[in-house]
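Secondary and tertiary structure notes
The chain contents come next:
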Amino acid sequence: MKKSKWGILFISPYIIVYLLFTALPIVISLYKSLFVNYWKGLEEVGPFFCGLENYVTLLTDKSIYTYLGNTAIMWILGFVPQLVLSITLAAWFSNHRLGLRGIQFFKTVIYFPNLIIAASFASLFFSFFADCGPVNALLMELGIIDEPFQFFSNTWSTRALVAFMNCTMWFGNTTLLLLAGMLGIDKSLKEAAEVDGASTWQVFTRITLPLIRPILLYVIITSLIGGIQMFDVPQILTKGTGDPNRSTMTVLMYMNKHMFSKNYGVSGALSFILFVVTAVLSIIVFSLNSKTEEGRGVR
């Protein structure tokens, strides 16, 4: 116990920051969600204690499930290609037999989009895919289309653009994480498998993937949390409307509208619901991973 005080001392900055900027806001949001306040003309009325009324209002409103579905669709459309691309690049970069040149340069380049502010990234894509933007001009020049395609008036093209931007922004970070895990695998394991006649695909699926499972789990959990908190890209790309027909309206965009209208009670309730949803999904992912590991251990 005398020695443990030094460990507590060293991790105390993290504990303090966590309590101030994570745990305390969660408690405040939970407290705010039990009250209601609204605008009457130019005068703010409230807050008044209402118990669980805000939660009942949200859970009985069908629109929240639509926005949850929008968020899930755009996350899946962006995360699946991101994961496939990242695993492929990490496998190439970690395979010394391919003799790839300029690996350090490419590792730096693919990480660059992650450094760009999402607002700037969304504004750039909004200009590119506008009706009179360079993408439409190029497609018309190549004879693929006869008139400008309205990317932001079509549900799936707008969702695809949001997903593509999220994939482009984060695949570099995911690639470097997976690459670090692959480079940490003992080379003798792969060499022994190859001596025994294992193909490259068998080495990758039977040795590489199982050994980077903890990093894959981390990537999935962090991406899941980021997907639920998707806000800046669709907010700027659609100017906060979530159009067309609110098909790109995410849950955080919906919460932001309540915050902007000073409806803090509903915003607090919605943020706590998101906290619970994130926790439940994370537990499900962890449990599925544990069952898979137990199954492998039994066999």
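The written sequence of each chain sets the order in which its residues are numbered from 1. Under the rules for a predicted model, residues below a pLDDT of 70 receive no local features and side-chain atom pairs below 80 are neither given nor counted, while totals for whole chains, interfaces and linings still include all residues. With hydrogens and water set aside, each side-chain value is computed from the structure's full complement of heavy atoms.

**Concerning the overall build of the protein**
The line we're drawing: In this text, helices come from DSSP runs of H or I with a minimum length of four residues, and strands from runs of E with a minimum of two, each type numbered from the N-terminal end. Think of it in three bands: with a 1.4 Å probe and only protein chains considered, a residue is buried below 20% of the maximum accessible area for its type, exposed above 50%, and partly exposed in between. It only takes one pair of heavy atoms within 4.5 Å for two residues to be counted as in contact. Per-residue and other accessible areas follow the Shrake-Rupley method at a 1.4 Å probe size, with only the shown protein chains counted as cover for residues. Lys and Arg are tallied as positive, Asp and Glu as negative. Neither His nor the chain termini are counted. One atom stands in for each charge, and that atom is NZ of Lys, CZ of Arg, CG of Asp or CD of Glu.
Across its full length, the protein carries 13 helices and two strands. Considering only C-alpha atoms, the protein reaches an extent of 80 × 75 × 35 Å along its principal axes. Sorting the 299 residues of the protein into buried and exposed places 36% on the buried side. For the protein, the share of sequence-separated contacts (at least 6 apart) that also reach a separation of at least 24 residues comes to 64%. Split by element, the accessible area of the protein, about 18400 Å² in all, is 69% carbon and sulfur. For the protein, the distance from the average site of its 21 positive side-chain charges to the average site of its 16 negative ones is 12 Å.

**A closer look at a nonpolar patch on the surface**
We count it as follows: Here the term patch refers to residues with relative accessible area over 30% and no salt bridge, with like charges joined within 9 Å and nonpolar side chains (Val, Leu, Ile, Met, Phe, Trp, Tyr) within 5 Å. Whenever Lys or Arg places a side-chain nitrogen within 4 Å of a carboxyl oxygen from Asp or Glu, that contact is recorded as a salt bridge.
The grouping of Trp6, Leu9, Phe10, Ile11, Tyr14, Ile15, Tyr18 and Leu19 at the surface amounts to a nonpolar patch, some 900 Å² of accessible area in total. Note on placement: Ile15 falls in helix α1 (residues 4-32).

**Here we look at helix α12 (residues 251-260)**
The complete set of buried residues in α12 reads Val251, Leu252, Met253, Tyr254, Met255 and His258. Residue Lys262 follows α12 closely and has a positive phi angle near 65°.

**Focus on the packing of helix α5 (residues 118-128) against helix α7 (residues 155-183)**
When two helices pack together, their arrangement is captured by the angle between the axes and the distance separating the axes. The condition is simple: Orientation is described by axes fitted as lines to C-alpha atoms, over the contacting stretch for helices, and by angles from 0 to 180 degrees between their N-to-C directions. An angle below 35 degrees is read as roughly parallel, one above 145 as roughly antiparallel, one from 65 to 115 as roughly perpendicular, and any other as oblique. We call a crossing left-handed when the near helix sits turned anticlockwise from the far one by less than a right angle, and right-handed when that turn is clockwise. Each residue receives one of three labels: charged for Asp, Glu, Lys and Arg, nonpolar for Ala, Val, Leu, Ile, Met, Phe, Trp, Tyr, Cys and Pro, and polar for the others, Gly being one of them.
Contact geometry for α5 and α7: axes closest at 11 Å, N-to-C directions at 135°. Classed by the angle they form, the pair α5 and α7 counts as oblique. Remark: the crossing between α5 and α7 carries right-handed chirality. Residues Ala118, Phe121, Ala122 and Phe125 of α5 lie in contact with α7, whose contacting residues are Leu161, Phe164, Met165, Thr168 and Met169. Taken together, the residues of the contact of α5 with α7 sort by class into eight nonpolar, one polar and no charged.

**Quick word on the environment of Glu53**
Inspection of the secondary structure puts Glu53 in helix α2 (residues 53-59). For the pair Glu53 and Phe286, spaced 233 residues apart in sequence, the C-alpha to C-alpha distance is 32 Å.

**Considering helix α9 (residues 200-211)**
Put simply, the test is: An expected span of 1.5 Å times one less than the residue number is assigned to each helix. An arc is given here, and it is the one of the directions from the helix axis to the C-beta atoms.
With twelve residues, α9 should cover 16 Å at 1.5 Å per step; its first-to-last C-alpha distance of 16 Å lies within 8% of that length. What α9 keeps buried is the set Val203, Phe204, Ile207 and Thr208. All buried residues of α9 lie within an arc of 125° about the axis, which places them on one face of the element. Within α9, the exposed residues directed more than 90 degrees away from the buried face are Trp201 and Arg206.

**Section: the side chain of Ser247**
Applied cut-off: Polar contact is defined as a pair of N or O atoms within 3.5 Å, subject to the rule that within protein one atom must be able to donate a hydrogen and the other to accept it, and that residues adjacent in sequence are counted only when both atoms are side-chain atoms.
In this fold, Ser247 is placed in the loop between α11 (232-237) and α12. Residue classification places Ser247 among the buried positions, given a relative accessible area of 5%. In terms of polar contacts, Ser247 uses its side chain to reach the backbone carbonyl oxygen of Pro244, at 2.7 Å. In contact with Ser247, other than residues within four places in its own chain, are Asn70, Thr155, Arg159 and Gly242.

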